[in-house]
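Coordinate analysis (summary)
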There are 2 protein chains.
Amino acid sequence: MTIKIGILGYGNLGRGIEYAVRQNDDMELAAVFTRRDPSSVKIATNGVPVYHVDDAIKTKDNIDVMILCGGSATDLPTQTPEYAKYFNVIDSFDTHAKIPEHFDNVDKTAKESGKIGIISVGWDPGMFSLNRMYAGAILSDGKDYTFWGKGISQGHSDAIRRINGVKDAKQYTIPVGTALDAVRSGETPELTTREKHLRECWVVAEDGADKARIEQEIKSMPNYFADYDTTVNFITEDELKANHSGIPHGGFVIRCGKTGLNREHNHIIEYSLKLDSNPEFTASVLIAYARAAYRLSKDGQCGCKTVFDIPPAYLCRQSGEELRRNLL
Amino acid sequence: MTIKIGILGYGNLGRGIEYAVRQNDDMELAAVFTRRDPSSVKIATNGVPVYHVDDAIKTKDNIDVMILCGGSATDLPTQTPEYAKYFNVIDSFDTHAKIPEHFDNVDKTAKESGKIGIISVGWDPGMFSLNRMYAGAILSDGKDYTFWGKGISQGHSDAIRRINGVKDAKQYTIPVGTALDAVRSGETPELTTREKHLRECWVVAEDGADKARIEQEIKSMPNYFADYDTTVNFITEDELKANHSGIPHGGFVIRCGKTGLNREHNHIIEYSLKLDSNPEFTASVLIAYARAAYRLSKDGQCGCKTVFDIPPAYLCRQSGEELRRNLL
């Protein structure tokens with residue numbers, strides 16, 4: 001019996017899910033759902049149907065877990081509670097401030113339908129959250145730090161592209177090495193926004209555009225760049241394509257804490273990711289939690305869950321006995 | 001209502017538990033149990049009784065979780081199943097090969113008594129196991145590596161002390177930097193024992209002892225040293241005391257995995273610990289899981305559990321709502 005996975009939304013993340021399913025032979029891809037004309041969507045797996053999203057509910061008895069691959073701004077806030085009426089669902093909702101509201105909405109419909117909904121799965125929120133939580137529970141007298149990068153920020157790249165005279169752009173978020181070192185030393189420094197991350201921009205300007213003005217507009221942009229040390233590099237469209245087409249990302253969660261009768265001992269817990277493909281890694285996390293959703297549902301559980309609620313063993317194919325023998 | 005903790009065995013780990021309880025004000029130390037004469041044991045917390053271990057069972061209604069701080073070789077295999085008849089128990093049993101048998105023994109008595117037993121809690125087994133498991137569930141097509149150190153190995157230090165002419169000794173296990181770098185590069189190298197760790201020995205010789213012979217005996221000792229590059233340094237007793245009295249440890253769990261339609265993307269997940277005090281950190285992990293044991297018991301659960309079975313949120317004082325708002 002394989003776990004039948006549905007993918008709703010076939011962009012970078014949806015494609016990542018498709019590839020991840022192929023790496024886990026306890027799963028199979030049952031169907032892909034799209035808002036586009038299904039005949040225009042070519043997927044990598046032979047024999048798997050592509051349906052219009054309007055037809056999704058008709059397939060509810062053939063899909064064990066529906067993975068929602070839409071955006072957090074407008075898609076997931078409505079999609080996840082809606083599809084939890086019919087499917088076990090899982091999403092990567094990442095608008096941190098709105099997670100409590102999203103949780104409540106999904107919990108309500110999932111409890112009514114008797115389905116499982118797991119929200120905010122990925123690496124941040126997701127594995128980074130989990131590591132902040134474990135480290136904080138262990139080192140209760142301590143302080144944690146999260147650094148992101150080196151990696152592409154879609155939001156910052158888009159912000160540069162909206163500047164007049166910019167043809168295309170990519171922006172890397174980069175943790176500051178000296179800040180990382182200070183944190184790892186156990187000094188628990190107070191770090192400003194500028195001290196934690198750099199922003200590195202690769203920009204293709206339109207012919208004849210005023211590069212000095214573009215650079216100035218980027219560096220002074222409030223929220224996005226003004227509070228950071230930002231470097232701006234102008235390159236050709238070919239160079240951008242050749243050297244900056246990937247979607248790498250990663251980062252660090254570090255907690256420093258003290259123990260001992262007189263707080264005399266320092267401890268550092270560090271978790272880091274170095275990812276060639278942000279969406280494919282996020283997809284791999286989603287697939288592991290899809291397995292958990294399936295099992296929780298088989299156990300008769302329902303309602304909304306997050307990575308904090310799920311026993312780790314539920315993510316693994318192996319039995320408890322195999323895990324204890326081979327991994328403990 | 002605080003969680004009442006009992007400590008059975010008051011050595012380095014037991015003392016670490018006592019200090020950790022002081023850092024978590026949802027807990028209180030209820031009693032310490034020792035095999036020594038209780039009047040000879042001085043603890044750091046005023047007003048807490050020290051009892052002989054033979055009197056432990058009489059206190060069963062006053063202790064929510066008993067933390068067993070004995071050794072894995074002879075104490076815990078009998079103690080944990082025995083005390084699970086009367087208490088929720090937790091141990092740091094670390095003989096990897098015997099974990100399945102220990103699990104079964106504790107599971108049996110804990111199910112009969114309706115208590116919770118959590119075994120093999122600490123950092124390895126424990127947090128390292130958990131990180132091997134999460135990383136393997138996410139990057140199913142990959143390979144993981146565990147490195148230990150830099151840190152004191154008690155077993156190796158003891159082995160040196162048994163050599164004729166050795167007065168005292170400390171041994172550090174040290175991961176090889178080039179091996180760590182090779183793993184982090186995503187190359188998934190095959191590494192021999194010698195390539196992964198170095199052994200550094202600090203030895204105090206008896207007056208007139210043959211240092212060349214001692215060095216030779218250390219370096220050729222089967223299992224302990226023969227398969228490693230080992231350095232031996234002779235120092236005075238004062239130097240050993242001044243520079244090698246601590247109990248630091250740590251290590252790295254690294255998993256490299258591939259994703260993508262053609263396995264074209266590499267990902268590295270790394271978890272590392274740098275600990276000034278091995279027993280105090282282990283104690284901090286035990287205390288977090290003691291909180292989980294208490295809650296699982298309140299939920300009406302019983303039987304043996306490991307870190308793989310326990311929902312992460314059970315380790316934390318905060319409510320699910322607070323965790324989602326502040327840490328997700």
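Residues numbered from 1 in each chain as written. Chains lettered and ligands numbered in written order. Predicted model: local features only at pLDDT ≥ 70, side-chain atom pairs only at ≥ 80, totals over all residues. Heavy atoms only, no water.

**Remarks on the relation of the copies chain A and chain B**
- Superposing chain A onto chain B requires a rotation of 180° together with a translation of 0.0 Å along the rotation axis, leaving an RMSD of 0.0 Å. Within this description, the copies of the chain are treated as partners about a two-fold rotation axis.
- When the interface residues of chain A are mapped onto chain B, 100% of them again fall at the interface, so both copies present the same face. (Least-squares fit on C-alpha atoms with pLDDT ≥ 70 in both. Contact = heavy atoms within 4.5 Å.)

**A few points about the interface of chain A and chain B**
- The interface is formed by 64 residues belonging to chain A together with 64 residues belonging to chain B.
- Summed over the shared surface of chain A and chain B, the number is zero salt bridges.
- Between chain A and chain B we count 28 residue pairs in polar contact (both at pLDDT 80 or more) in total.
- Those elements giving two or more residues to the side of chain A that touches chain B turn out to be α1 (12–22), α3 (99–113), α4 (127–138), β12 (249–259), β13 (265–275), α10 (278–298) and α11 (320–326) of chain A.
- The element best represented in the side of chain A that touches chain B is β13 of chain A, accounting for eleven residues.
- Split by residue class, the side of chain A that touches chain B holds 34 nonpolar, 16 polar and 14 charged.
- As judged from the nine bridges shared by β13 of chain A and strand β13 (residues 265–275) of chain B, these two strands associate in the antiparallel manner. Bridging from a neighbouring strand, Ile268 of chain A pairs with Lys274 of chain B of β13 of chain B. (Salt bridge = Lys/Arg side-chain N within 4 Å of Asp/Glu carboxyl O. Polar contact = N/O pair within 3.5 Å; in protein donor to acceptor, adjacent residues only side chain to side chain. Helix = DSSP H or I, 4+ residues; strand = E, 2+ residues; numbered from the N terminus. Nonpolar A, V, L, I, M, F, W, Y, C, P; charged D, E, K, R; others polar. Pairing = 2+ DSSP bridges.)

**Overview of the packing of aromatic side chains**
- Inspection of every chain in the model, using the stated rule, returns nine aromatic pairs over all chains.
- For the ring pair Tyr134 of chain A and Tyr134 of chain B, a centre distance of 6.3 Å and an interplane angle of 70° mean the geometry is edge-to-face. Residue Tyr134 of chain A is found in helix α4, and its partner Tyr134 of chain B is found in helix α4 (residues 127–138); the two belong to separate chains.
- Residue Tyr134 of chain A is classed as buried on the basis of its relative accessible area of 4%.
- Considering the side-chain rings of Phe128 of chain B and Tyr271 of chain B, the 6.1 Å spacing of their centres and the 80° angle between planes classify their relative orientation as edge-to-face. Here Tyr271 of chain B lies in strand β13 and Phe128 of chain B lies in helix α4, a separation of 143 residues in the sequence.
- On the basis of relative accessible area, Phe128 of chain B is assigned to the buried category, the value being 0%.
- An aromatic cluster is present here, built from Trp123, Phe128 and Tyr271 of chain A joined pairwise through their rings.
- Lying across the ring of Phe147 of chain A, Lys196 of chain A places its NZ or CZ 5.1 Å from the centre. (Phe/Tyr/Trp six-rings, centres within 6.5 Å; stacked < 30°, edge-to-face > 60°. Buried < 20%, exposed > 50% of the residue type's maximum accessible area, 1.4 Å probe, protein only. Lys NZ or Arg CZ within 6 Å of the ring centre and 35° of its normal.)

**With respect to the environment of Tyr134 of chain B**
- Measuring from C-alpha to C-alpha, the distance between Tyr134 of chain B and Ala73 of chain B comes to 29 Å, with 61 residues separating the pair along the chain.
- Aside from chain neighbours lying at most four places away, what touches Tyr134 of chain B is Met127, Leu130, Tyr134, Tyr289, Ile310, Pro312 and Leu315 of chain A together with Pro312 of chain B.

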